[in-house]
Amino acid sequence: MNLVYRIVHALLAIAVFPAILFLQLFYIEVSPNFIDYGMSLEFSLYQIFDLFGGGSKTSSLRNAFTKESLSNIWSVFSDAHVSLVLMIASGIITLALTVFIIVACIVKGKRKVLLTASSIGFVTSILFKVFSAQVCKTVTSGEVDFIKIFSQSFIAGFFGDLISVDTLRIGVFSNAVLMLFMCMVIWSVIYIVTDIGLEEEKPASPAKKK
């Protein structure tokens, strides 16, 4: 029974990674300032990686996220630094806990340890949604010029004055991760409670005759 518990728990944790990779990462609606009509876009992390195309996607991705580009993103989000840092931190902690749970399941980790890690992961996944919503709000409210994230050039500044971001939200992947950690917590609680019940129902072994 303990083996089944660890296998199911590990599978739930492993499912976090394809959820992050293939499910919707973010959803955005943009429109020109001079007409009431726009377009909507949604991407998964896999689609973003795929956009780099040709040659080595790893090297293309590395070139896209240079020190200069990351510094640009940081400066653009100057009004949301605290929320951005907390969003990134909660996301990293959630991923670290996912890896920890998988390893703990392999090395026969204790049930209470897995329950604790799953509970913390559930909380950090909620915090990720809260802080990401705050970051998205700074974009849609006009506090952050989303267009300038991609470039500080004249073109980006020009289009930034013509285009507004009407809607920006984190995609369904965050809901999937939250649900997976919730399932891990529920699975652990059910297993611990039923296991304790089974132990209580076991008849006492008869005393040996002298």
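Throughout what follows, the structure given in this document is the object of discussion. Nothing here was measured: the structure is a model prediction, and the numbers come from that model. Positions within a chain are numbered from 1, following the residues in the order the chain's sequence is written. Per-residue local features of the predicted model are confined to residues with pLDDT of at least 70, and side-chain atom pairs are confined, for both listing and counting, to 80 or more; whole-chain, interface and lining totals are unaffected and use all residues. With hydrogens and water stripped out, all remaining heavy atoms of the structure feed into the side-chain values.

### Here's the deal with the overall build of the protein
Then step 1. A run of DSSP states H or I qualifies as a helix once it reaches four residues; a run of E qualifies as a strand once it reaches two. Both are numbered from the N-terminal end. From N to C terminus, the protein includes nine helices and three strands.
Then step 2. With 210 residues in all, the protein has 34% of them scored as buried.
Then step 3. Residue contacts follow a heavy-atom distance rule, with two residues in contact if any of their heavy atoms lie within 4.5 Å. Excluding contacts between residues fewer than 6 apart, the proportion of contacts in the protein whose partners are at least 24 apart in sequence is 74%. Exposure is judged per residue with a 1.4 Å probe applied to protein chains only, and the accessible area is read against the type maximum: over 50% gives exposed, under 20% gives buried, and values in between give partly exposed.

### Some points on the sheet that holds strand β3 (residues 163–170)
Then step 1. With respect to topology, three strands assemble into an open sheet ordered β2-β1-β3, the strand pairing being antiparallel. Looking at strand neighbours, the two that pair on one side only are β2 (39–44) and β3, the edges of this open sheet. Strand-to-strand twist in this sheet, taken as the mean axis angle between neighbours without regard to direction, amounts to 20°.
Then step 2. Paired strands, as defined in this entry, are two strands with at least two bridges between them according to DSSP. One ladder, built from six bridges, connects strand β1 (residues 24–32) with β2; its direction is antiparallel. By the bridge assignment, Tyr27 is partnered in β2 with Glu42. To obtain an axis, a line is fitted to C-alpha atoms, over the contacting stretch when the element is a helix, and the angle between two such axes runs from 0 to 180 degrees between their N-to-C directions.

### Examining the packing of aromatic side chains
Then step 1. Two rings from Phe, Tyr or Trp (for Trp, the six-membered ring) form a pair when their centres sit within 6.5 Å of each other. Planes less than 30 degrees apart are called stacked, planes more than 60 degrees apart edge-to-face, and all others tilted. In total, this model carries five aromatic pairs according to the counting rule given.
Then step 2. Measuring from ring centre to ring centre gives 5.4 Å for Phe22 and Tyr46, while their planes differ by 40°; the resulting arrangement is tilted. Here Phe22 is found in helix α2 (residues 16–22), whereas its partner Tyr46 is found in helix α3 (residues 45–51), with 24 residues between them in sequence.
Then step 3. Here the aromatic rings of Phe26 and Phe43 are separated by 5.8 Å at their centres, their planes lie at 45°, and the arrangement is tilted. One end of the pair, Phe26, is in strand β1; the other, Phe43, is in strand β2, with 17 residues separating them in the sequence.
Then step 4. One aromatic cluster is present, formed by Tyr5, Trp187 and Tyr191 through successive ring pairs.

### Re the environment of Ala104
Then step 1. On the secondary structure map, Ala104 appears in helix α6 (residues 81–106).
Then step 2. With 98 residues separating them in the primary sequence, Ala104 and Arg6 have C-alpha atoms 8.7 Å apart.
Then step 3. Every residue in contact with Ala104, bar those within four places of it in the chain, is listed here: Gly109 and Leu114.

### Some remarks on the nonpolar core
Then step 1. If you look at the biggest cluster of nonpolar residues, it comprises 35 residues, and the most contacted ones within it are Val16, Ile101 and Met184.
Then step 2. Those elements that provide at least two residues to this core are α1 (2–14), α2, β1, α6, α7 (111–140), β3 and α9 (173–201).
Then step 3. Leave out the neighbours within four places in its chain, and Met184 touches His9, Leu12, Ala13, Val16, Ile101 and Ser118. Buried Ala, Val, Leu, Ile, Met, Phe, Trp, Tyr and Cys residues that are joined via side-chain atoms within 4.5 Å together make up what is termed a nonpolar core.

### Some points on the packing of α6 against α7
Then step 1. At a closest axis distance of 8 Å, the pairing of α6 and α7 adopts a crossing angle of 155°. With respect to α7, the element α6 is oriented roughly antiparallel. The chirality of how α6 crosses α7 is left-handed.
Then step 2. Gly is put with the polar residues, along with every residue not named as nonpolar or charged; the nonpolar set is Ala, Val, Leu, Ile, Met, Phe, Trp, Tyr, Cys and Pro, and the charged set is Asp, Glu, Lys and Arg. Among the residues forming the contact of α6 with α7, the class breakdown is 17 nonpolar, 10 polar and no charged. Here roughly perpendicular refers to angles of 65 to 115 degrees, roughly parallel to angles under 35, roughly antiparallel to angles over 145, and oblique to all remaining angles. Rotating anticlockwise by less than a right angle from the far helix to the near helix defines a left-handed crossing, while the corresponding clockwise rotation defines a right-handed one.

Everything listed is a geometric property; what it means functionally is a separate question.
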